[in-house]
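Remarks on the overall topology
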Amino acid sequence: AARPTLAMATTEATRSLTLRMLAYGTSMKRVQNQTVAGNADSGLHDHATAPLRWAAGIFLTALALRLLHVWQIRDAPVFSVLLGDARGYDEWARRIAAGDWIGSEVFYQAPLYPYFLGVLYTVFGHDLLSVRLVQAAIGATSAALLGLATWRLVSPRAGIVAGLAMALYAPAIFFDGLLQKAVLEVETLAELRHQRRLRENELQLVSIGLLDLGACF
């Protein structure tokens, strides 16, 4: 009678050990699946935020270079002596800041930039340094938007190259330090390229583009 009892005990122990091994294997598989899922979610999060991180880096690079340029030209005669179109924009903006928002004659140039200057003069006074600092931020934003648009329309590598090229492009840095409408033209075009990727309503996009470009050019 002892032999069957011993055999039954052995069988029970074997079955218990087998169940424990199966439970351990199931638990390890569950942990592994959770780890893989967590890594996948992290990867998706990193992939989604990568363009924004690169855009922030491009923006800071472009802004630093433009601020350095403004600091270097602060003592140059052209910093405060305005000639040509810059003088015309300045006089027009002063009238706008003084309250003459509509005027009495036909616009002889695109009105967006003079109104932009007029708003800045209203906020900061006739401070050409503040104007150039704001334009430096706009120029840096243009570089970041161009990088984002190219990232989504072409490829991540192309977006990084395009954004950095715009950030480092010497003529763009130079024109961002002038009282000229080019700073708004470039920003508008970069914004349109970025919105072209995001918007589904093509008619709305075209309408916004025509209005912006008409005001700039």
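These lines cover the structure that appears in this document, whether it is placed above or below. (Residues numbered from 1 in each chain as written. Predicted model: local features only at pLDDT ≥ 70, side-chain atom pairs only at ≥ 80, totals over all residues. Heavy atoms only, no water.)

Once that is clear, we can look at the nonpolar core. Y113, F116, L117, Y121, V131, L179 and L184 are the most contacted members of the largest nonpolar core, which has 15 residues in total. Those elements that place two or more of their residues in this core are α3 (85-97), α4 (112-124), α5 (128-153) and α8 (182-198). Take this core: its biggest share by element is five residues, from α4. Leaving out residues up to four positions away in the same chain, Y121 has contacts with D90, A93, R94, A97, H126, L128, V131 and L179. Membership of the second largest hydrophobic core comes to nine residues, among which are A62, A140, A143 and M166. (Core = buried A, V, L, I, M, F, W, Y, C linked by side-chain atoms within 4.5 Å. Buried < 20%, exposed > 50% of the residue type's maximum accessible area, 1.4 Å probe, protein only. Helix = DSSP H or I, 4+ residues; strand = E, 2+ residues; numbered from the N terminus. Contact = heavy atoms within 4.5 Å.)

Bringing the side chain of R66 into the picture now. Position of R66 relative to the elements: it lies in helix α1 (residues 2-72). A polar side-chain atom of R66 sits 3.2 Å from the main-chain carbonyl oxygen of M166. Those residues within four positions of R66 in sequence are excluded, and the remaining contacts are A136, G139, A140, M166, A167, A172, I173 and D176. (Polar contact = N/O pair within 3.5 Å; in protein donor to acceptor, adjacent residues only side chain to side chain.)

Another aspect to go through is empty space enclosed by the protein. Using a probe with the size of a water molecule, rolled over the atoms, empty space left in the structure can be pinpointed. All told, the structure shown has one cavity of 30 Å³ or more when counted by the stated rule. Taken as a whole, the largest cavity encloses approximately 40 Å³ of empty space. In terms of lining, the largest cavity is formed by P51, W54, A55, I58, G147, L148, W151, G159 and I160. A per-element tally of the lining of the largest cavity places α1 first, with four residues. Per-class residue counts for the lining of the largest cavity are seven nonpolar, two polar and no charged. (1 Å grid on protein atoms, 1.4 Å probe; cavity = no way out; pocket = protein on both sides within 12 Å on 5 of 7 lines; lining within 4 Å. Points joined across faces, edges and corners; volume = space filled by probe spheres on them. Nonpolar A, V, L, I, M, F, W, Y, C, P; charged D, E, K, R; others polar.)

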